Amino acid sequence: MSAYDYDIAVIGAGPGGYEAAIKAAQMGKKTCIIESAYFGGTCLNVGCIPTKTLIKTANVLEEVKNASQFAIRGVEAGQVSVDMKALQARKSTVVKTLVNGVKGLLRGNQVAVAEGRASFVDTHTVSVDGKNITAEFFIIATGSSVFMPPFIAREGDTNIITSTEALNLDHIPDSIAIIGGGVIGVEFAYLLNRLGSKVTVLELMDHILPMVDPEISEMAQTRMERDGITFRLGAKVGRVKDHTVFYELDGKEQEVTSQVVLMAVGRTPDTEGLNAEGIGIAFDRAAIRIDGYMRTNIPNIYAIGDVNGKVMLAHTASHEGMVAVNHICGHKEEMNYERIPSCIYLEPEIACIGLTEAQARERFGGSIKIGRFHMAANGKSLVEGDTGGMFKVIVDGNLGEILGVHLYGKHVTDMIGEISVAMAAEATAEEVIRAIHPHPTVNEALGEAFMAAWNGRAINSL
Amino acid sequence: MAEVIIMPKLGFNMDEGQLVKWHKQAGDGVKKGEVLFEINTDKTTMPVEATEDGVMLKILLNEGEFAEVFTPIAVVGGAGENPDAALAAFDGGAASPDTAAKAVEASRDAPVSAPLKVDAGELKLTPKAKKLIRDEGIDAVSLAGLQGTGYQGGITARDIKASPLARKLAEQKEIDLGAVQGSGADGKVMKADVEAAAAPAPEAAAPGETRILSTAPYKGVRKVIGERLAHSKFTAPHIYFTDSIDTTAFSAFRRQLNEAGTQKIGVSDLLTMAAGKALAAFPGINASLVDERIIQYKSINIGIAVAGENGLIVPVVKNVQEKTLTMVAEESRELVECAKAGRLAPGEFSGGTFTISNLGMFGIENFTAIINPPESAILAVSAVRKKAVVVTNDNGGDEIVIRPMMNVQLTVDHRLIDGLLAARFVAYFKELLENPLRILM
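Residues numbered from 1 in each chain as written. Chains lettered and ligands numbered in written order. Predicted model: local features only at pLDDT ≥ 70, side-chain atom pairs only at ≥ 80, totals over all residues. Heavy atoms only, no water.

**A short note on the overall build of chain A**
We count it as follows: Numbered from the N terminus, helices here are DSSP runs of H or I no shorter than four residues, and strands are runs of E no shorter than two. The buried label goes to any residue with under 20% of its type's maximum accessible area, the exposed label to any with over 50%, and the partly exposed label to all in between, with areas taken from a 1.4 Å probe on protein chains only. In what follows, residue pairs with any heavy atoms lying within 4.5 Å of each other are defined as contacts. Here the open area of atoms and residues is found with the Shrake-Rupley method and a 1.4 Å probe, where only the protein chains shown may cover a residue.
In terms of helices and strands, chain A carries 13 helices and 25 strands. Within chain A, the fraction of its 462 residues that count as buried is 53%. Look at the contacts in chain A between residues 6 or more apart in sequence, and 65% of them connect residues 24 or more apart. Total accessible area on chain A is roughly 20,300 Å²; 50% of this is exposed by carbon and sulfur atoms.

**Observations regarding the confidence of the model for chain B**
Residue and element names in this part refer to chain B. The condition is simple: Every residue gets a pLDDT, meaning the predictor's confidence in that residue, from 0 to 100.
The predicted model of chain B has a mean per-residue pLDDT of 79, with 79% of residues at 70 or higher. Confidence drops under a pLDDT of 50 for residues 94–123, and excluding neighbours within four residues, the segment shows 91 contacts in the predicted structure. Under a pLDDT of 50 for its full length, residues 141–158 has, in the predicted model, 20 contacts with residues more than four places off or in other chains. Overall fold confidence for the complex sits at a pTM of 0.60, while the interface term, ipTM, reaches 0.78.

**Quick look at the pattern of salt bridges**
Selection rule: Only one rule defines a salt bridge in this text: a Lys or Arg side-chain nitrogen within 4 Å of an Asp or Glu carboxyl oxygen.
One pass over the structure, following the stated rule, counts 34 salt bridges over all chains. Asp242(A) is paired through a salt bridge with Lys241(A); the nearest N and O atoms lie 3.8 Å apart. A salt bridge links Glu430(A) to Lys168(B), with the shortest nitrogen-to-oxygen separation between them at 2.9 Å. Of this pair, Glu430(A) sits in helix α12 (residues 429–434) while Lys168(B) sits in helix α3 (residues 164–173), which puts the two residues in different chains. In this structure Glu430(A) comes out as partly exposed when scored by relative accessible area, which is 25%.

**Thoughts on the packing of aromatic side chains**
Residues and elements named next belong to chain B. What counts is decided by this rule: Note on aromatic contacts: the rings of Phe and Tyr and the six-membered ring of Trp form a pair at centre separations within 6.5 Å, being stacked when their planes are under 30 degrees apart, edge-to-face when over 60 apart, and tilted otherwise.
Taken as a whole and assessed by the stated rule, the structure comprises seven aromatic pairs over all chains. For the ring pair phenylalanine 425 and phenylalanine 429, a centre distance of 6.5 Å and an interplane angle of 10 degrees mean the geometry is stacked. Pair noted here: phenylalanine 425 and phenylalanine 429 are both in helix α9 (residues 419–434), with a separation of four residues, about one helical turn. Under the relative-accessibility criterion, phenylalanine 425 is labelled buried at 0%.

**A short note on the pairing of strand β22 (residues 349–354) of chain A**
Look at any regular strand and the pattern is simple: side chains alternate between the two faces of the sheet. All names here are of chain A. In plain terms, the rule: One bridge is not enough; two strands pair if DSSP finds at least two bridges between them.
Taken across its six residues, β22 has five buried, putting it largely inside the fold. Inspection of the sheet shows strand β21 (residues 342–344) paired to β22 by three bridges, in the antiparallel sense. Paired with serine 342 across the strands is cysteine 352, a residue of β22. Adjacent in sequence and paired antiparallel, β21 and β22 are bridged by four residues. In the sheet, β22 pairs with strand β25 (residues 402–409) via six bridges, with the strands oriented antiparallel. Note on β25: the bridge partner recorded for isoleucine 353 is valine 405.

**A look at the side chain of Ser163(B)**
With respect to the element layout, Ser163(B) can be found in the loop between α2 (127–136) and α3. If sequence neighbours within four positions are ignored, Ser163(B) has contacts with Ala425(A), Glu426(A), Lys188(B), Val189(B), Met190(B) and Lys191(B).

**So, the packing of helix α3 (residues 48–65) of chain A against helix α4 (residues 84–108) of chain A**
Residues and elements named next belong to chain A. Put simply, the rule reads: For helices, the fitted line uses only the C-alpha atoms of the stretch in contact; every axis is such a line through C-alpha atoms, and the angle between N-to-C directions lies from 0 to 180 degrees. Here the angle decides the label: under 35 degrees means roughly parallel, over 145 means roughly antiparallel, 65 to 115 means roughly perpendicular, and every other value means oblique. In this scheme the handedness of a crossing depends on how the near helix is turned from the far one: anticlockwise by less than a right angle means left-handed, clockwise means right-handed. For this classification, the nonpolar set comprises Ala, Val, Leu, Ile, Met, Phe, Trp, Tyr, Cys and Pro, the charged set comprises Asp, Glu, Lys and Arg, and every other residue, Gly included, is treated as polar.
Closest axis-to-axis distance for the α3/α4 pair is 9 Å, and the angle between their directions is 140 degrees. When the axis of α3 is compared with that of α4, the two are oblique. For the element pair α3 and α4, the recorded crossing hand is right-handed. Residues Ile49, Pro50, Thr53, Leu54, Lys56 and Thr57 of α3 form the contact with α4, whose own contacting residues are Leu87, Arg90, Lys91, Val94, Val95 and Leu98. Of the residues contributing to the contact of α3 with α4, the split by class is seven nonpolar, two polar and three charged.

Structure representation (structure tokens):
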């Protein structure tokens, strides 16, 4: 009999925590999960899933408006609109279904559930609403919260909201200023523009979507600009006064006044009330410091997901959970942060993995090979009615190692997994070229892009 | 087809061999069973016979030169054949010299058959097998009878699980995939594993692990020294005899000698002369145990241990019993200089009958030396230090005085030298040094 209540206790039931708990239980560990508010975490409740639900409606709206392009008669584009209350109801149904699914999965795997906020008493004990739970190992998966930058002053009666509130809008604001041109900012810009808002995006860097190769992010930006979104790149936001955002651009102060301001500059690890410092857990700024196996400085305590500040993505957290549980069970498999796919849900979608061309050149110098394939030459894209995308692949010119793949096209978020598998298996450009890609698909353009990189030319383009 | 002759591996620890003498010159006819050449191992000289008839086409190694085992040293074939074609085939076909290894384990008394036959396809060795042979020092010929498990008796690289990228990288970097520890799913070899295998040494180990500064192969001089000393220490029962010598008179005497003559006389020179005299007085120390026979030598050949670049070298002053102090001083100075420069001829560091190891200049109080076989004794000389010693004064009473004292320790092989003999030798040696004029009398 163990001296502890549980072999493993997981704190936080987001995509990192709940999957780690299930994995731990499947490995034969007596496991408990502690959650204070949302089963499914940010992702299911106020992140990935609700955003995509809203974006789906925006996409359907667009398709319906353009129905005539597909030879459909009887739809008056001017008559089509979105019922925000009904949309919120649909969103809630989707979220509720998935949250219940998470609870069911935990139950089905005999994971004990404790509801409440955990606070460390010592390295083997947490207090959950006054009740102590002991465990041999802890996995901290408490996630993150929206980062409200202290360097942006707020004056007067501001109208700042975060992504959480933005997901609950029951009406479409006439205008919105979005501070931050990362994935969250750009997806909301796309969504609200489609739903009818006048959108201005203020980004400090000189390009949006930093993980995407600029060649592709610029294509997406151009398209969004054509749809009416205003991008202010290199804009340094200084303050928000009432409904006006003041920013510095090209050496002079400029301003934008809008009905709503969305703060989307990023997220920050959330360890509030955890008393992690109290038991001596080491931090790097706000993030819990970990090693390649997710171990904190305290050997029986691990930290996965947003709380370790590495890569704040649900699938990263889930994989980190596997790494942590495997390590606890004696299987050493170090986390690899170089092959994490990113998906951006615009229309068409963007998906990428690995290095950008500039990053690859920095590391490998001139020995890299680049391949591009434009969707204009892809049959399925033409069928889908969207040929504006492009695939770009970056391979090492010596061995053909896949260094980076950046996709912009119809449902490419469902396609990047192929490259994730190829990279995990260390397949080279040659293996991808040898694999048979089905026709007619958007996916077949991937094989072509690799041919363009490795052989110097694709088959179906000149 | 002309055949390449390689330096045979004549013992488990042989990394290289020295060619002592060619019995055939280029153009000479060669008959099976004739002696082709002789090689020196660290132990002995060995004649090597031809295994087939032919003509000596080309000689690649001069007499006195060294070659790594399994590397080509000559080509034998039919008259008029092109030896370079055979060499090219050897280099190209044999990815590893081990493939060609048909070296024969030498038996001490029978001449060795020359490893004549070289054919790349002779032994189907995978990289893994080759690596194993290299690492374990396995005689490749002993594998000739083995049945491989792969296609046509070989094992292919496909039997090793590796990612496509790892495979390509391994090929490019010439890494044996079979020897790489895989870290991927089910032990699959991944790119990082090949990179790690290609890297010289880990820069930093994980905390708690032993960190490596550098690694170097245990071979050559280092290995010869190591094996000789290990052999000596584990076969000859060592016993040790220590005494302290008052060097007051010795130092004064050396000073006088150096003031009087032109040839600089070192401490070691006087020690050599003193040892020579003592050995002449006790010939039982100047002896060897060889093949069940105890040999006492007339020649007093004294080796002087010198620290060299790769380890210890012991130049030998021969027939000290016939030489004057000046001659010994001159000869040993030349030998030591050659030894330090690595230019000693084999005859100049072999054939000793006794060794002096003088670490006095390095300030050691006392140390124990291991006998350099086939010698039976070695003298360890330590630093001179001022000590309080009890002497008998003119009135016949005890008195404590400060004297420069030097420890010497004699190590002898107890199989042929008993304690009494060793003790008398040390006492006599001490008497010589404390009354140094007697060294030259």
